[in-house]
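Topology and contacts: notes
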Amino acid sequence: MKEVLIVYHGVGMAGKTTNLDSLKNLFQNYVIDRFHTQTLENRTVFLDTLLLGINIKNLDIKLKVRIMSTPGQERFAILRPWIINNADGFVFVYDPTVNIKYNVEAFKEIYESKKPIIVQINKIDISPREKIEEAKKIFGKFPVIEAAAKNDIGVKETLQSILREVLK
Ligand SMILES: Nc1nc2c(ncn2[C@@H]2O[C@H](COP(=O)(O)OP(=O)(O)OP(=O)(O)O)[C@@H](O)[C@H]2O)c(=O)[nH]1
Ligand SMILES: [Mg+2]
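Keep in mind that what you see is a predicted model, and the values were worked out from it rather than measured. (Residues numbered from 1 in each chain as written. Chains lettered and ligands numbered in written order. Predicted model: local features only at pLDDT ≥ 70, side-chain atom pairs only at ≥ 80, totals over all residues.)

Moving on, we get to the pairing of strand 5 (residues 89-94). Counting buried positions along strand 5 yields 6 of 6 residues, so the element is predominantly enclosed. Every second residue of strand 5 is oriented toward a common face, with Gly89, Val91 and Val93 on one face and Phe90, Phe92 and Tyr94 on the other, all of them buried. Here strand 1 (residues 2-9) runs beside strand 5; their pairing, made up of 4 bridges, is parallel. Residue pairing for strand 5: valine 7 is matched across the bridge by phenylalanine 90. Bridge count between strand 5 and strand 6 (residues 117-121): 5 bridges; the pairing is parallel. The partner of phenylalanine 90 across the bridge, within strand 6, is isoleucine 117. (Buried ≥ 20, exposed ≤ 12 C-beta atoms within 10 Å, placed from the backbone. Helix = DSSP H or I, 4+ residues; strand = E, 2+ residues; numbered from the N terminus. Pairing = 2+ DSSP bridges.)

Within the largest apolar cluster, 34 residues are counted, with the highest numbers of intra-cluster contacts made by Val7, Ile67, Phe90, Val91 and Phe92. If you list the elements that add at least two residues to this core, you get strand 1, helix 1 (16-26), strand 3 (44-56), strand 4 (61-69), strand 5, helix 3 (100-111), strand 6 and helix 5 (155-166). Considering each element in turn, this core owes the most residues, 5 residues, to strand 5. Excluding residues within four positions of it along the chain, valine 7 makes contact with Met68, Thr70, Ile83, Ile84, Ala87 and Phe90. (Core = buried A, V, L, I, M, F, W, Y, C linked by C-beta atoms within 7 Å. Contact = placed C-beta atoms within 7 Å.)

So, about the site of ligand 1. Around ligand 1, the surrounding shell holds 22 residues, and the nearest of these are Gly15, Thr17, Thr18, Thr44 and Gly72. With 3 residues, helix 1 is the largest single contributor of residues to the shell around ligand 1. Tallied by class, residues from the shell around ligand 1 come to 6 nonpolar, 11 polar and 5 charged. (Near = placed C-beta within 6 Å. Nonpolar A, V, L, I, M, F, W, Y, C, P; charged D, E, K, R; others polar.)

With that out of the way, let us pick up the sheet that holds strand 3. Strand order in the open sheet made by the 7 strands is 2-3-4-1-5-6-7, with mixed pairing throughout. Each edge of the open sheet carries a strand with a single partner, namely strand 2 (31-38) and strand 7 (144-146). When strand polarity is set aside, the average angle formed by the axes of neighbouring strands in this sheet is 20 degrees. (Axes fitted to C-alpha atoms, helices over the stretch in contact; angles between N-to-C directions.)

This next bit is on the packing of helix 1 against helix 5. Contact geometry of helix 1 with helix 5 gives a least axis separation of 9 Å together with a crossing angle of 95 degrees. With respect to helix 5, the axis of helix 1 lies roughly perpendicular. On helix 5, the residues touching Asn19, Ser22, Leu23 and Leu26 of helix 1 are Val155, Lys156 and Leu159. Counted by class, the contact of helix 1 with helix 5 contains 4 nonpolar, 2 polar and 1 charged residues. (Parallel < 35°, antiparallel > 145°, perpendicular 65-115°, else oblique.)

All right, on to helix 3 then. Helical geometry note: an α-helix holds 3.6 residues per turn, so side chains three or four residues apart project in the same direction. Compared with the 16 Å implied by 1.5 Å per residue over 12 residues, the 16 Å span of helix 3 between its first and last C-alpha is a close match. Residues of helix 3 that are buried include every one of Asn103, Ala106, Phe107 and Ile110, and no others. Take helix 3 and look down its axis: the buried residues cluster within an arc of 105 degrees, on one side only. Along helix 3, exposed side chains directed more than 90 degrees from the buried face belong to Lys101, Glu105 and Lys108. For helix 3, the secondary structure elements touched by its buried residues are strand 1, helix 2 (80-85), strand 5 and strand 6. (Expected span 1.5 Å × (residues − 1). Arc of directions from axis to C-beta.)

Structure representation (C-alpha coordinates):
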(Lines give C-alpha, C1' and ligand atoms only; values in the text may rest on other atoms or scores of the structure.)
(Ligands and ions follow the chains in the order given, each with its own letter.)
Protein backbone atom coordinates (compact mmCIF):
# COMPACT_ATOMS: atom_id res chain seq x y z
CA MET A 1 0.00 0.00 0.00
CA LYS A 2 1.30 3.43 -0.93
CA GLU A 3 2.29 5.58 2.06
CA VAL A 4 2.88 9.32 2.08
CA LEU A 5 4.39 11.44 4.85
CA ILE A 6 2.83 14.83 5.50
CA VAL A 7 4.72 17.05 7.94
CA TYR A 8 3.15 19.87 9.94
CA HIS A 9 5.82 22.44 10.67
CA GLY A 10 5.79 25.84 12.37
CA VAL A 11 6.91 27.80 15.42
CA GLY A 12 6.39 26.40 18.90
CA MET A 13 2.72 26.49 19.96
CA ALA A 14 1.50 27.37 16.45
CA GLY A 15 -1.13 24.63 16.77
CA LYS A 16 0.50 21.68 14.99
CA THR A 17 -0.55 19.08 17.56
CA THR A 18 -4.01 20.66 17.72
CA ASN A 19 -4.31 19.99 13.97
CA LEU A 20 -3.39 16.33 14.45
CA ASP A 21 -5.85 15.96 17.35
CA SER A 22 -8.58 17.56 15.29
CA LEU A 23 -7.80 15.31 12.29
CA LYS A 24 -7.96 12.31 14.59
CA ASN A 25 -11.53 13.25 15.48
CA LEU A 26 -12.62 14.32 12.01
CA PHE A 27 -11.28 11.11 10.44
CA GLN A 28 -11.99 8.84 13.40
CA ASN A 29 -13.11 5.94 11.21
CA TYR A 30 -9.82 6.01 9.31
CA VAL A 31 -7.36 6.21 12.21
CA ILE A 32 -4.83 3.39 12.28
CA ASP A 33 -2.60 4.90 14.98
CA ARG A 34 -2.05 8.04 17.05
CA PHE A 35 1.01 8.59 19.19
CA HIS A 36 2.18 11.77 20.92
CA THR A 37 4.87 12.28 23.54
CA GLN A 38 4.54 15.53 25.42
CA THR A 39 5.69 17.53 28.41
CA LEU A 40 3.36 18.31 31.33
CA GLU A 41 2.40 21.49 29.47
CA ASN A 42 1.43 19.51 26.32
CA ARG A 43 4.46 20.62 24.35
CA THR A 44 5.60 18.04 21.80
CA VAL A 45 8.86 16.40 22.82
CA PHE A 46 9.92 13.66 20.40
CA LEU A 47 7.10 12.26 18.42
CA ASP A 48 3.69 13.47 17.31
CA THR A 49 2.17 11.22 14.69
CA LEU A 50 -1.17 10.17 13.25
CA LEU A 51 -1.61 7.37 10.72
CA LEU A 52 -4.72 7.31 8.55
CA GLY A 53 -5.83 4.67 6.08
CA ILE A 54 -7.77 6.33 3.30
CA ASN A 55 -9.60 5.07 0.23
CA ILE A 56 -9.53 7.49 -2.65
CA LYS A 57 -12.76 7.02 -4.52
CA ASN A 58 -12.75 7.12 -8.33
CA LEU A 59 -9.08 6.23 -8.44
CA ASP A 60 -9.43 2.96 -6.52
CA ILE A 61 -6.35 3.81 -4.49
CA LYS A 62 -5.74 2.75 -0.91
CA LEU A 63 -3.42 5.16 0.78
CA LYS A 64 -1.68 5.30 4.13
CA VAL A 65 -1.27 8.90 5.20
CA ARG A 66 1.40 9.29 7.86
CA ILE A 67 1.16 12.72 9.48
CA MET A 68 3.85 14.07 11.78
CA SER A 69 4.51 17.41 13.43
CA THR A 70 7.96 18.78 14.13
CA PRO A 71 8.68 19.72 17.77
CA GLY A 72 8.52 23.52 17.76
CA GLN A 73 10.76 24.20 20.73
CA GLU A 74 14.32 25.18 19.82
CA ARG A 75 15.79 22.65 22.27
CA PHE A 76 14.32 19.88 20.14
CA ALA A 77 15.43 21.41 16.85
CA ILE A 78 17.95 18.57 16.46
CA LEU A 79 15.04 16.20 15.83
CA ARG A 80 13.63 18.19 12.93
CA PRO A 81 15.98 17.36 10.00
CA TRP A 82 15.02 13.66 9.79
CA ILE A 83 11.34 14.45 9.72
CA ILE A 84 11.79 17.26 7.21
CA ASN A 85 14.09 15.28 4.91
CA ASN A 86 11.59 12.43 4.63
CA ALA A 87 8.47 14.49 4.00
CA ASP A 88 6.46 14.18 0.78
CA GLY A 89 4.75 17.49 1.53
CA PHE A 90 4.37 20.13 4.21
CA VAL A 91 1.70 22.07 5.99
CA PHE A 92 3.31 25.22 7.32
CA VAL A 93 1.25 26.23 10.35
CA TYR A 94 1.56 30.01 10.51
CA ASP A 95 0.93 31.62 13.92
CA PRO A 96 -0.39 35.18 13.40
CA THR A 97 -0.15 35.86 17.13
CA VAL A 98 3.67 35.90 17.08
CA ASN A 99 6.04 38.15 15.15
CA ILE A 100 6.35 37.40 11.45
CA LYS A 101 10.12 37.03 11.74
CA TYR A 102 9.78 33.90 13.92
CA ASN A 103 7.35 32.39 11.44
CA VAL A 104 9.69 33.17 8.56
CA GLU A 105 12.64 31.63 10.42
CA ALA A 106 10.68 28.41 10.83
CA PHE A 107 9.55 28.51 7.20
CA LYS A 108 13.17 28.64 6.02
CA GLU A 109 13.71 25.16 7.49
CA ILE A 110 11.34 23.61 4.95
CA TYR A 111 11.58 25.99 2.01
CA GLU A 112 14.63 24.39 0.38
CA SER A 113 13.16 20.90 0.38
CA LYS A 114 11.36 21.61 -2.94
CA LYS A 115 8.34 19.58 -1.80
CA PRO A 116 4.77 20.93 -1.99
CA ILE A 117 3.86 23.36 0.80
CA ILE A 118 0.43 24.51 1.96
CA VAL A 119 0.40 27.50 4.31
CA GLN A 120 -2.22 27.29 7.03
CA ILE A 121 -2.88 30.55 8.86
CA ASN A 122 -4.07 29.22 12.19
CA LYS A 123 -5.74 30.90 15.20
CA ILE A 124 -7.96 33.14 13.08
CA ASP A 125 -10.42 33.11 15.98
CA ILE A 126 -8.05 35.25 18.07
CA SER A 127 -5.98 37.06 15.44
CA PRO A 128 -6.62 40.60 14.20
CA ARG A 129 -7.59 40.68 10.52
CA GLU A 130 -4.54 42.76 9.52
CA LYS A 131 -2.16 40.09 10.83
CA ILE A 132 -3.88 37.51 8.64
CA GLU A 133 -3.70 39.76 5.58
CA GLU A 134 -0.03 40.46 6.30
CA ALA A 135 0.71 36.73 6.25
CA LYS A 136 -1.25 36.23 3.03
CA LYS A 137 0.88 38.87 1.32
CA ILE A 138 4.13 37.22 2.34
CA PHE A 139 3.08 33.69 1.42
CA GLY A 140 1.06 34.69 -1.64
CA LYS A 141 2.86 32.28 -3.93
CA PHE A 142 1.67 29.27 -1.92
CA PRO A 143 -1.86 28.00 -1.40
CA VAL A 144 -3.08 29.62 1.83
CA ILE A 145 -5.86 28.28 4.05
CA GLU A 146 -7.31 30.09 7.06
CA ALA A 147 -7.96 27.92 10.09
CA ALA A 148 -8.85 27.70 13.73
CA ALA A 149 -7.59 24.22 14.48
CA LYS A 150 -8.86 24.43 18.04
CA ASN A 151 -12.41 24.69 16.65
CA ASP A 152 -11.87 22.16 13.80
CA ILE A 153 -12.09 24.98 11.24
CA GLY A 154 -10.02 24.65 8.06
CA VAL A 155 -8.34 21.49 9.32
CA LYS A 156 -9.86 19.03 6.88
CA GLU A 157 -9.41 21.43 3.95
CA THR A 158 -5.74 21.79 4.83
CA LEU A 159 -5.09 18.05 4.72
CA GLN A 160 -7.10 17.64 1.53
CA SER A 161 -5.13 20.43 -0.16
CA ILE A 162 -1.71 19.05 0.68
CA LEU A 163 -2.74 15.52 -0.36
CA ARG A 164 -3.98 16.89 -3.67
CA GLU A 165 -0.57 18.50 -4.26
CA VAL A 166 1.41 15.45 -3.15
CA LEU A 167 -0.60 13.02 -5.28
CA LYS A 168 -0.39 15.15 -8.44
N1 LIG B 1 -7.38 30.33 20.03
C2 LIG B 1 -6.78 29.31 19.42
N3 LIG B 1 -5.84 28.61 20.07
C4 LIG B 1 -5.25 27.58 19.43
C5 LIG B 1 -5.58 27.22 18.09
N6 LIG B 1 -4.84 26.18 17.73
C7 LIG B 1 -4.07 25.87 18.80
N8 LIG B 1 -4.30 26.71 19.82
C9 LIG B 1 -3.70 26.67 21.17
O10 LIG B 1 -2.31 26.94 21.08
C11 LIG B 1 -1.59 26.20 22.06
C12 LIG B 1 -0.50 25.38 21.42
O13 LIG B 1 -1.08 24.41 20.56
P14 LIG B 1 -0.29 23.09 20.13
O15 LIG B 1 -1.13 22.39 19.13
O16 LIG B 1 0.14 22.32 21.31
O17 LIG B 1 0.98 23.71 19.43
P18 LIG B 1 2.24 22.98 18.77
O19 LIG B 1 2.51 23.70 17.50
O20 LIG B 1 2.01 21.52 18.69
O21 LIG B 1 3.40 23.31 19.83
P22 LIG B 1 4.81 22.52 20.08
O23 LIG B 1 4.48 21.07 20.20
O24 LIG B 1 5.34 23.07 21.34
O25 LIG B 1 5.68 22.84 18.93
C26 LIG B 1 -2.63 25.32 22.80
O27 LIG B 1 -3.01 25.99 23.98
C28 LIG B 1 -3.78 25.28 21.82
O29 LIG B 1 -5.04 25.10 22.42
C30 LIG B 1 -6.60 28.01 17.43
O31 LIG B 1 -6.98 27.80 16.27
N32 LIG B 1 -7.14 29.03 18.14
MG1 LIG C 1 3.00 19.91 19.47
